[in-house]
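Here is what each chain is made of, one letter per residue.
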Amino acid sequence: MRGTGTLPAGWAILKSMDLGAALIALAIALVVKVAVMVLCGWLLVHVYRAAWSSPPEHPWLLLPKEDLPEIRILWWALALFGVSELTCGIEVYVLLQSNDVTSAIHSFASAAGMALFVLGMFEYFDRRIIAFTRPACVANRICRGCTDREPEGCKFRVALLLAATFLALAALAPMFASVERMPANTVRWMLPFPSLNAWYDGVVVPWFAAHVPGHNPTGVAYFLPESMFRIEFRFLPAVALALLAAGACLVWRGDEARGARAMIAAAGVLGYCYFELVLYRGIGDVLIGSLGHELAEFWFLVFTAEFLTRCFPANARAPAVSS
């Protein structure tokens, strides 16, 4: 959950007039987010031990030497994800507020991590299955003979350029989204328990008014800042466009392999932009968007752990090799 203008997510909603919103925010900040941070830390440690250090006594993964480059890319993606979660956690649990610097770090680290993740996944499947622009390329079933090193170049060159055009058009859509500050609407979360709501409004809210500096009894106590949206809906799509332009130039010059990788990295950046666009501007509810944000991150970490354990099980017969 992203930070607030004055207090962390759950704390800020406690200052509002709706008990239901307060309970949801506390559940996100103290349960779901904690689970995400713990799982992220666990993955970082275990993947690092498998990819860089000597195999532990009871290894979680067995990595053949030829798989290390791709797995190390995935580790760096997880490290950037960890940086984004760490800055968000500092906002929520330490600083008790959000600011432009921490919001920027969160957005940049998340987008870069997603770009590296999809690039690392492509590198793994390209070496194992796809073999793009190499003699064993799976597309040869369609091409009936690779022409990548001949004057005509790869037969999928035009298709790659069209894909870059499509992604470039997709990068324009977030630029039309609003970047205005988005406050929480806590009224819609009113619980159908009049006596409980009355106790909250009559006891808890006045206590906060008397003991919490800068108390604000409205939903604007929790909001997503304009600076965050400017980065995610303006700057990051521009970065994706730059990557797509570089990729298209490489493809046009006959370097389809590197061009495709630049385009894949751009798709990762755009994936994060659309993730935020749908969760916040699409849904239009800060609390639901924040809950979806944390649950999606948890799912992403579970997926990564499942992918690694399926591809590199610790009980595999092949011995692990680390450099």
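Above: the structure in question.
An account of the accompanying structure is given in this report. As the structure is a computational prediction, the values presented were derived from the model and not from experiment.

### With respect to the overall build of the protein chain
Then, number 1: Looking only at helices and strands, the protein chain features 10 helices and two strands.
Then, number 2: Ordering the α and β elements of the protein chain from the N terminus gives α-α-α-α-α-α-β-α-β-α-α-α.
Then, number 3: The buried share among the 323 residues of the protein chain stands at 49%.
Then, number 4: Residue pairs at least 24 apart in sequence account for 78% of intrachain contacts in the protein chain once pairs closer than 6 positions are excluded.
Then, number 5: Accessible area of the protein chain: about 15500 Å², with a carbon and sulfur share of 70%.

### Side note on the nonpolar core
A general trend in soluble globular proteins is that nonpolar side chains are found buried together.
Then, number 1: By size, the foremost hydrophobic cluster in this structure holds 28 residues, and its most contacted members are Val 47, Leu 63, Ile 71, Leu 301 and Leu 308.
Then, number 2: Beyond its immediate stretch of four places on either side in the chain, Leu 301 contacts Val 36, Leu 39, Cys 40, Leu 43, Leu 78 and Phe 81.

### Description of helix H2 (residues 19–51)
Then, number 1: Its 33 residues place the ends of H2 47 Å apart at the C-alpha level, agreeing with the 48 Å of an ideal helix rising 1.5 Å per residue.
Then, number 2: The largest bend along H2 reaches roughly 30° and is located at Ile 28.

### A few points about the packing of helix H4 (residues 100–130) against helix H8 (residues 226–252)
Then, number 1: Between H4 and H8, whose axes approach to 9 Å, the crossing angle comes to 35°. Of the two elements, H4 crosses H8, and the hand of that crossing is right-handed. Two secondary-structure elements touch here, H4 through Asp 100, Ser 103, Ala 104, Ser 107, Phe 108 and Ala 111 and H8 through Ser 227, Met 228, Ile 231, Glu 232, Phe 235 and Leu 236.
Then, number 2: Here the contact of H4 with H8 is composed, by residue class, of seven nonpolar, three polar and two charged.

### Some words on the environment of Ile 283
Then, number 1: Relative to the helices and strands, Ile 283 is located in the loop between helix H9 (256–282) and helix H10 (286–311).
Then, number 2: Not counting chain neighbours up to four residues away, the residues in contact with Ile 283 comprise Val 278 and Ile 288.

### Quick notes on the packing of aromatic side chains
Then, number 1: Tallied over the full model, the rule gives 16 aromatic pairs.
Then, number 2: Ring centres of Trp 52 and Trp 75 lie 5.1 Å apart, and the angle between their planes is 75°; on these two criteria the pair is classed as edge-to-face. Within this pair, whereas Trp 52 is found in the loop between H2 and helix H3 (68–95), its partner Trp 75 is found in helix H3, the two being separated by 23 residues in sequence.
Then, number 3: The class for Trp 52 is partly exposed, based on a relative accessible area of 26%.
Then, number 4: Judged by centre distance (6.5 Å) and plane angle (85°), the ring pair of Trp 52 and Trp 76 falls under edge-to-face.

### Let's talk about unusual backbone geometry
Then, number 1: Despite not being glycine, Ala 131 shows a phi value in the positive range, around 55°.
Then, number 2: The residue Ala 131 is located in the loop between H4 and helix H5 (140–143) in this model.
Then, number 3: Look at Ala 131 and you get buried, because its relative accessible area is 7%.
Then, number 4: A positive phi is found at Thr 133, a non-glycine position, where the angle reads about 70°.
Then, number 5: Following the sequence through the fold, Thr 133 ends up in the loop between H4 and H5.
Then, number 6: Residue classification places Thr 133 among the buried positions, given a relative accessible area of 10%.

Cut-off values and rules
Residues numbered from 1 in each chain as written. Predicted model: local features only at pLDDT ≥ 70, side-chain atom pairs only at ≥ 80, totals over all residues. Heavy atoms only, no water. Helix = DSSP H or I, 4+ residues; strand = E, 2+ residues; numbered from the N terminus. Buried < 20%, exposed > 50% of the residue type's maximum accessible area, 1.4 Å probe, protein only. Contact = heavy atoms within 4.5 Å. Areas by Shrake-Rupley, 256 points an atom, 1.4 Å probe, with all protein chains shown as cover. Core = buried A, V, L, I, M, F, W, Y, C linked by side-chain atoms within 4.5 Å. Expected span 1.5 Å × (residues − 1). Bend = angle between axes of the 7 residues up to and from the residue. Axes fitted to C-alpha atoms, helices over the stretch in contact; angles between N-to-C directions. Left-handed = near helix turned anticlockwise from the far one by under 90°. Nonpolar A, V, L, I, M, F, W, Y, C, P; charged D, E, K, R; others polar. Phe/Tyr/Trp six-rings, centres within 6.5 Å; stacked < 30°, edge-to-face > 60°.

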